[in-house]
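Report on the structure
Listed here are the chains, written in short residue letters.
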Amino acid sequence: MRRWPEVLLTLVLFAVAMAVVSWVVNATVPGFIDWLDARIGSLAVWAGLTVFFVAALSYGIYDHRRAGRKPKGT
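So, here is what we can say about the structure in this document. Fair warning: this is a prediction, and the values are worked out from it, not measured in the lab.

**Some thoughts on the overall build of the protein**
A count of helical and extended segments in the protein gives two helices and zero strands. The C-alpha radius of gyration computed for the protein amounts to 22 Å, which surpasses the reference 11 Å derived for 74 residues by more than 25%, pointing to a less compact arrangement than a globule. Out of the 74 residues in the protein, the part that is buried amounts to 0%. Put simply, the protein shows about 7,000 Å² of open surface, and 71% of that area lies on carbon and sulfur atoms. Averaged over its 8 positive side-chain charges, the protein has a centre that lies 19 Å from the centre of its 4 negative ones.

**What about helix α1 (residues 3-40)?**
End to end, α1 covers 53 Å across 38 residues, agreeing with the expected 56 Å (1.5 Å per residue, within 8%). Along its length, α1 shows its largest kink, about 25°, at Val-25. Looking one or two places after α1, you find Gly-41, whose phi comes out positive at around 100°.

**Remarks on a nonpolar patch on the surface**
A cluster of nonpolar side chains, contributed by Phe-14, Met-18, Val-21, Val-25, Val-29, Phe-32, Ile-33 and Trp-35, occupies part of the molecular surface with about 770 Å² of accessible area. In this structure Val-25 comes out as partly exposed when scored by relative accessible area, which is 38%.

**Things to note about the packing of aromatic side chains**
Across all of its chains, the model carries two aromatic pairs by this definition. A ring pair is formed by Phe-52 and Phe-53, whose centres lie 5.5 Å apart and whose planes are at 65°; its orientation type is edge-to-face. In this structure, Phe-52 and Phe-53 share a single accessibility class: exposed.

**Thoughts on the environment of Met-1**
Counting through the fold element by element, Met-1 comes out in the segment before α1. Using a relative accessible area of 74% as the deciding quantity, one classes Met-1 as exposed.

**Some thoughts on the environment of Phe-14**
By the element assignment, Phe-14 lies in helix α1. For the pair Phe-14 and Ala-27, spaced 13 residues apart in sequence, the C-alpha separation works out to 20 Å.

What counts and how
All chains use their own residue numbering, which begins from 1 and follows the written sequence. Only residues with pLDDT of at least 70 are given local features in this predicted model, and only at 80 or more are side-chain atom pairs given and counted; all residues enter the totals for whole chains, interfaces and linings. The side-chain numbers reported here are obtained from all heavy atoms of the structure, hydrogens and water having been left aside. Only runs of H or I of at least four residues qualify as helices and only runs of E of at least two qualify as strands under DSSP, and these elements are numbered from the N terminus. With C-alpha atoms as the basis for the radius of gyration, the globule rule is written as 2.2 Å multiplied by the number of residues raised to the power 0.38. The buried label goes to any residue with under 20% of its type's maximum accessible area, the exposed label to any with over 50%, and the partly exposed label to all in between, with areas taken from a 1.4 Å probe on protein chains only. Here the Shrake-Rupley method, with its probe set to 1.4 Å, supplies the accessible areas, and only the displayed protein chains count as covering residues. The convention is simple: Lys and Arg are positive, Asp and Glu are negative, and His and the chain ends are not counted. In this description, the location of a charge corresponds to atom NZ of lysine, CZ of arginine, CG of aspartate or CD of glutamate. By this rule, a helix spans an expected 1.5 Å times one less than how many residues it contains. Bend, at a single residue, is the angle you get between axes fitted to the 7 residues ending at that residue and the 7 residues starting at it. In this scheme, patches are assembled from residues that exceed 30% relative accessible area and form no salt bridge. Like charges are connected within 9 Å, while nonpolar side chains (Val, Leu, Ile, Met, Phe, Trp, Tyr) are connected within 5 Å. A pair is scored as a salt bridge if a Lys or Arg side-chain nitrogen falls within 4 Å of a carboxyl oxygen belonging to Asp or Glu. Centre distance within 6.5 Å is the pairing criterion for rings of Phe, Tyr and Trp, where only the six-membered ring of Trp is used; planes under 30 degrees apart are then read as stacked, over 60 as edge-to-face, and the remainder as tilted.

Next up, the structure:
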């Protein structure tokens, strides 16, 4: 098989797979978000997301600073 049909086939298959994933996510995630909002409230959902992102950011900053240091004992 020549190179260009392989590339084209890969792109088409990737687009189809992403369409299927999109359909599945659009069918499930809004229901979960509505359930979570009804269960714990909108403010709690936003607070949880904020805490998660602040924790991830602080870990990233800590790890970035630690990567520049030399290991102990060298």
